[in-house]
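# A structural walkthrough
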Amino acid sequence: MSVSAALAPRRIPTTTLVLAVAAIAAWAATIAWIRVEHMGAMPGTMGMSLLSFTVMWGLMMAAMMLPSVAPFITTYQATVVEHRRARLTALAAGYLLVWTGVGVIAFFLAGRFGDLATERADLARAVAVATFAAVGVFQLTPLKLRCLSHCRSPLGHLFHYLGYRGPTRDLRAGASHGWYCLGCCSALMLLMVAFGVMNVGAMVGLAAVIAIEKVWRHGETFARVFGVACLVFAVVLVFEPGLAPGLDPNSVMPMTETNM
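Computed from a predicted structure; not experimentally measured. (Residues numbered from 1 in each chain as written. Predicted model: local features only at pLDDT ≥ 70, side-chain atom pairs only at ≥ 80, totals over all residues. Heavy atoms only, no water.)

## Regarding the overall build of the protein
For the protein, the count of helices and strands is 11 helices and zero strands. The 260 residues of the protein split such that 45% are buried. Contacts in the protein between residues at least 24 apart in sequence constitute 79% of all its contacts with a sequence separation of at least 6. Accessible surface, the protein: about 13,100 Å² in total, of which carbon and sulfur atoms supply 68%. (Helix = DSSP H or I, 4+ residues; strand = E, 2+ residues; numbered from the N terminus. Buried < 20%, exposed > 50% of the residue type's maximum accessible area, 1.4 Å probe, protein only. Contact = heavy atoms within 4.5 Å. Areas by Shrake-Rupley, 256 points an atom, 1.4 Å probe, with all protein chains shown as cover.)

Below, the structure is given as structure tokens:
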């Protein structure tokens with residue numbers, strides 16, 4: 001290899017660029033929607049219907065998850081020799097379909113958390129502490145590490161996906177990978193509800209945590225460290241419940257004033 005070739009900047013794969021653009025567009029749409037509707041770090045569903053909440057959740061998941069799934073899609077595309085654009089779109093759609101479906105569960109969970117913050121303040125604080133403690137414990141379990149290992153090194157499962165046949169094979173492969181990713185990151189999404197579903201700061205922070213876990217070479221160690229951090233945060237919440245706005249009774253009043 002010549003010196004000029006060695007010093008030349010590496011070309012970013014087109015698929016990675018497309019995913020980056022899609023993620024940026026999803027971030028822009030999510031933040032714009034939050035600003036227009038005057039939403040933020042508040043308990044509950046903020047008066048949104050199930051449909052609008054699920055659409056919003058889908059946008060959030062596209063913004064947060066597409067960057068971390070890029071290595072898998074880039075690896076998968078090496079097996080696609082024809083109709084590449086349509087097949088990779090189906091792959092990403094299958095992945096996001098799983099995460100968008102989780103929005104239905106998040107809707108009812110956020111609504112319940114909001115009711116607790118409004119009607120049973122002491123129980124809401126206890127649930128906030130228990131939520132972070134449970135996430136911290138989950139981060140240290142073999143199940144978490146098994147699912148994370150799949151997301152970090154999907155090559156072994158790629159041979160399984162190659163056995164899929166029919167026009168929906170890529171959609172099914174994306175959904176299958178999405179289920180593993182859900183097993184890896186579902187507990188982290190529970191924190192989204194505890195922080196307030198439309199809390200942009202929490203979205204950015206958790207998106208960074210997910211990306212670091214999946215992409216960084218020390219991602220598995222980082223996942224354990226984050227688990228310990230969640231356990232420590234659970235203790236802190238005993239004294240500072242306002243750090244979990246999604247379950248904080250004091251965050252209900254601003255929401256009420258906004259809606260008036």
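## Some words on the state of the cysteines
Two cysteines form a disulfide when their sulfur atoms are joined by a covalent bond. Across all of its chains, the model carries zero disulfides by this definition. Its sulfur unpaired, C147 is 6.5 Å from the next cysteine sulfur, which belongs to C184. You can see C185 has no disulfide; the closest cysteine sulfur is in C184, sitting 3.8 Å from it. Taking the relative accessible area as the measure of exposure, C185 reaches 0% and is therefore buried. (Disulfide = S-S within 2.5 Å.)

## Re helix α5 (residues 121–138)
With 18 residues, α5 should cover 26 Å at 1.5 Å per step; its first-to-last C-alpha distance of 26 Å lies within 8% of that length. The set of residues buried in α5 consists of A124, A128, T131, F132, V135, G136 and F138. In this structure, the buried residues of α5 make contact with α4 (84–119), α6 (142–152), α8 (169–195) and α10 (219–239). (Expected span 1.5 Å × (residues − 1).)

## Observations concerning unusual backbone geometry
Here H83, not a glycine, exhibits a phi torsion of approximately 50°, which is positive. A relative accessible area of 62% places H83 in the exposed class.

## A few points about the confidence of the model for the protein
For the protein, per-residue confidence averages 83 on the pLDDT scale, and 89% of positions sit at 70 or higher. When the elements of the protein are averaged for pLDDT, helix α1 (residues 3–7) gives the smallest value, 43, and α10 the largest, 94. Predicted confidence is poor over residues 1–8, with pLDDT under 50, and the contacts of this stretch with residues over four places away or in other chains come to one contact. Taken together, the stretch residues 253–260 has pLDDT below 50 and engages in five contacts with residues farther than four places along the chain or on a different chain. (pLDDT = per-residue confidence, 0-100.)

## Side note on the pattern of salt bridges
The final tally for this structure, using the stated rule, is three salt bridges. A salt bridge links D170 to R87, with the shortest nitrogen-to-oxygen separation between them at 2.8 Å. Of this pair, D170 sits in helix α8 while R87 sits in helix α4; the two residues are 83 residues apart in sequence, bridging distant segments of the chain. Judged by its relative accessible area of 14%, R87 falls in the buried class. R125 serves as the salt-bridge partner of D122, at 3.4 Å between the closest nitrogen and oxygen. Taken together, the positions of D122 and R125, both in helix α5 and three residues apart, correspond to about one turn of that helix. (Salt bridge = Lys/Arg side-chain N within 4 Å of Asp/Glu carboxyl O.)

## As for the environment of A244
Structurally, the position occupied by A244 is in the loop between α10 and α11 (252–259). Here A244 falls in the buried class, since its relative accessible area comes to 0%. Sequence separation between A244 and M192 is 52 residues, and the spatial gap between their C-alpha atoms is 9.5 Å.

## Details of the environment of A26
Inspection of the secondary structure assignment puts A26 in helix α2 (residues 14–36). C-alpha of A26 to C-alpha of M61: the two residues are 35 residues apart in sequence and 8.5 Å apart in space. Contacts of A26, omitting those with residues within four sequence positions, involve L59, A62 and A63.

## Observations concerning the packing of aromatic side chains
In total, this model carries seven aromatic pairs according to the counting rule given. With a centroid separation of 6.3 Å and 15° between ring planes, the pair formed by F53 and W57 is classed as stacked. Placement of both F53 and W57 in helix α3 (residues 50–77) is noted, with a separation of four residues, approximately one turn of the helix. On the accessibility criterion, W57 (1% relative accessible area) is buried. What links up through ring pairs into an aromatic cluster is the set F53, W57, F107 and F108. (Phe/Tyr/Trp six-rings, centres within 6.5 Å; stacked < 30°, edge-to-face > 60°.)

## Considerations on helix α9 (residues 200–215)
Compared with the 22 Å implied by 1.5 Å per residue over 16 residues, the 22 Å span of α9 between its first and last C-alpha is a close match. Of all the positions in α9, only A202, M203, L206, A207, V209, I210, E213 and K214 are classed as buried. Burial along α9 is one-sided: seen end-on, the buried residues are contained in an arc of 160°. In α9, the exposed positions angled more than 90 degrees off the buried face are occupied by G201 and V215. Check the buried side of α9 and you find it contacts α2, α3, α4, α6, α8 and α10. One side-chain oxygen of the residue at the start of α9 lies 3.2 Å from the amide nitrogen of G201, identifying that residue as N199. (Arc of directions from axis to C-beta. Polar contact = N/O pair within 3.5 Å; in protein donor to acceptor, adjacent residues only side chain to side chain.)

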